[in-house]
Amino acid sequence: YTPGAELSLTAGVDREILDGDGKLTLDVVYTTYGDDEQDGQQVFASGAKILAQLTAVFRAGSLDWTVYAVERSKGKNTAYAGASATQLSNGNQLEAGARAFRRLNKRLGARLGADLRVYGDNANDAGEATLYTAGPGLRYTLSPGTFFDLNLKAGTGQLDGQSVSGFELSGGIWVRL
């Protein structure tokens, strides 16, 4: 199996807001894909993808805020089996959210965040979802420029008309170079 080539073009703009106390960022990514092959035969052609992300980062009182919105749109895919080809569409994906962060002391900070995710149906009339998540997080400063993050989110919503709920636990180490 040989995956097709992938080419991404990215454009971005940053602008200071709130008299320099914040930044507004817009990023747009366009990705196109070559055809996948197996044994010299075309087996899959992925549709092009566009991603647009708008983010505002600013300080209000003692809180550092991040507010964002992301839209993903993907063209139709084509699956090949012998002489036949089947087109499959992808649903659009919209995500939006906000996070507030407050430093508690020199090493420890706390955050509270909430997200909304809205996913459209695909060609098989599946995958439609509306999900809400919210929860706290902690950031521990290991050294200047090195952080450990731990987050917990509770979520609820609908997936293909069915109620869903659950928890997400995530963490990571961030190193600024």
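Relevant structure appears above.
An account of the accompanying structure is given in this report. (Residues numbered from 1 in each chain as written. Predicted model: local features only at pLDDT ≥ 70, side-chain atom pairs only at ≥ 80, totals over all residues. Heavy atoms only, no water.)

1. With respect to the environment of Gly34
For the record, the criterion: Every helix listed is a DSSP run of H or I at least four residues long, and every strand listed is a run of E at least two residues long, numbered separately from the N terminus.
Note on placement: Gly34 falls in the loop between strand 2 (22-33) and strand 3 (36-38). Counting along the chain gives 80 residues from Gly34 to Ala114, while the straight-line C-alpha distance between them is 37 Å.

2. Some words on the pattern of salt bridges
Note the threshold: A pairing counts as a salt bridge when a side-chain nitrogen of Lys or Arg comes within 4 Å of a carboxyl oxygen of Asp or Glu.
Under the defined criterion, the tally for this structure stands at seven salt bridges. Here Arg72 and Glu95 are joined by a salt bridge, their closest N and O atoms 3.1 Å apart. In this pair, Arg72 sits in strand 6 (residues 63-74) while Glu95 sits in strand 9 (residues 93-103), placing the two residues 23 residues apart along the sequence. Among the ionic contacts, a cluster of salt bridges with common partners joins Arg72, Glu95 and Arg117.

3. Regarding the sheet that holds strand 4 (residues 41-45)
Keep this limit in mind: DSSP-based pairing: two strands are paired if at least 2 bridges between them are found. Note on method: axes are straight lines fitted to C-alpha atoms, helices fitted across the in-contact stretch only, with angles between N-to-C directions ranging 0 to 180 degrees.
Pairing within the open sheet is antiparallel, and its four strands lie in the order 3-4-7-8. The open sheet has two free edges, formed respectively by strand 3 and strand 8 (84-88), since each of these has just one partner strand. Adjacent strand axes in the sheet meet at a mean angle of 30° when their direction is disregarded.

4. Some remarks on the sheet that holds strand 13 (residues 162-175)
Strand order in the open sheet made by the nine strands is 1-2-5-6-9-10-11-12-13, with antiparallel pairing throughout. Strand pairing shows two members of the sheet lacking a second neighbour, strand 1 (6-17) and strand 13, which therefore form its edges. Ignoring which end each strand starts from, the neighbouring axes of this sheet average 15° apart. Across 12 bridges, strand 10 (residues 108-119) lies against strand 11 (residues 129-143) in antiparallel orientation. Bridge assignment links Gly113 to a residue of strand 11, and that residue is Gly135.

None of this, on its own, says anything about what the molecule does.
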